Amino acid sequence: MARVIETFCDRLQQLVDIDTPSGGVEQERVAELLAGWLAPLGCRTEWVEEPDGPARSMVIALPGSGRGVVALLGHTDTVFPAGTVAARPFRREGIRCFGPGVADMKGGLVLAAMAMETCAARQRPFQELRLLVCADEEVRLRAPAVSVHAAGARAALVFECARENGDVVSARKGAVWRTMELTGRSAHAGADTARGRSAVSALAHEILRIEGLTEGRPDMTSVVTTVAGGTAANTMPGDARATLDIRSSAPADLEHALAQLGAGGPYDGVTIEIIDRGTWPPMPRDERLTRVALEHARELGLTVGEQLSGGVSDGCWTGADGVPTLDGLGPVGALDHTEAEWIELETVERRVQLAARLIEL
Ligand SMILES: [Zn+2]
């Protein structure tokens, strides 16, 4: 027990103590460290260029003697800027670890690597076990190029952290993110009112329409998250903009939203432009993978249930591609994207075993 945890913490510290903000090439050092730890197993490694670069993704592949590919997924970026590590480096306090990205998701990368080591010493009932180390998950607007290495896999296991109560993530909502820009005509609000065309007034109608797209769709949320408009208190506003966050676990809901986004109006003298900030498909729940994961967790003495998450991950891409996908297989943790982010160590060793068993399914 103790040795596994010491190894885990030592590696986690190495990964956490590298600043890896999205968009930075430092992310490649995380992939290189993982490749170094797994090299003694006889793994093949391959860099994959990502069109959004500059950081590349990596595939670390362990050959087996069985059938099919099993894919493990994790990402190398965090939401924290350069300089964060200097201010608050990796820290261990009792059974908890802190530091930028411990839960989202450097702890998951270390756990996945240790599951590969566990499997390497056993029967290897797969043709190839591939760790997909993905760059820039937090900001990407599309699937990572490296995800082609999961195409046709028997399973994709994603190592975002387990929920605070130990639950895995068996399904995720998809998301449609857009910015709406409205252009009317500014005019004096008192002296020249008839000449003006209010972009704010049109936006007010659009807010109600867009949020109303959820009508009769219980799995869907549609939220106008920010609004802005106008320039002066005595001027009819000639411009306005809003950001939209639309999510659902049902692909048909997202298709409905996409079809209706531009269908508002007409608003006399006001034009609307919709700017794409990304569309992520839902990650569908895989009945067999989920059931087996919960059974094995129970055998290992872990308290694990399942949750539908409203957040997206790279599991959305493998799931939408038809690969049975299960997420939340990293360490138990919480408060991602905040300074208080943590993971706990007590269940790490058993979670490595759980991952190994799912790989060998
Ligand atoms: Zn993440």
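Residues numbered from 1 in each chain as written. Predicted model: local features only at pLDDT ≥ 70, side-chain atom pairs only at ≥ 80, totals over all residues.

### Observations regarding the overall build of the protein chain
Helix and strand counts for the protein chain stand at 9 helices and 18 strands. Within the protein chain, buried positions represent 43% of all 361 residues. Contacts spanning at least 24 positions in sequence make up 79% of the contacts within the protein chain whose residues lie at least 6 apart. (Helix = DSSP H or I, 4+ residues; strand = E, 2+ residues; numbered from the N terminus. Buried ≥ 20, exposed ≤ 12 C-beta atoms within 10 Å, placed from the backbone. Contact = placed C-beta atoms within 7 Å.)

### Focus: helix α6 (residues 251-260)
Along α6, the residues classified as buried are D253, L254 and A257. Buried residues along α6 cover an arc of 95° about the axis, so they all sit on one side. Along α6, exposed side chains directed more than 90 degrees from the buried face belong to A252, E255 and A259. Tucked inside the fold, the buried residues of α6 contact β9 (174-183), β11 (220-229) and β13 (239-248). (Arc of directions from axis to C-beta.)

### A few points about the nonpolar core
Judged by nonpolar contacts, the single largest core of 71 residues is most densely connected at L34, I60, A112, L132, L157, F159 and A355. Ranked by residue count, the leading element in this core is helix α4 (residues 102-120), at 12 residues. In this structure, F159 is in contact with L72, L73, G74, M105, G108, L109, L111, A112, L329 and G330, ignoring residues within four places of it in sequence. In this structure, V176, A240, W280 and V312 belong to the second largest nonpolar core, which totals 23 residues. (Core = buried A, V, L, I, M, F, W, Y, C linked by C-beta atoms within 7 Å.)

### A closer look at the environment of A297
Along the chain, A297 turns up in helix α7 (residues 287-299). Sequence separation between A297 and R247 is 50 residues; the distance between their C-alpha atoms is 30 Å. Sequence-distant contacts of A297, that is, excluding residues within four places in its chain, are made with L302, V304 and L354.

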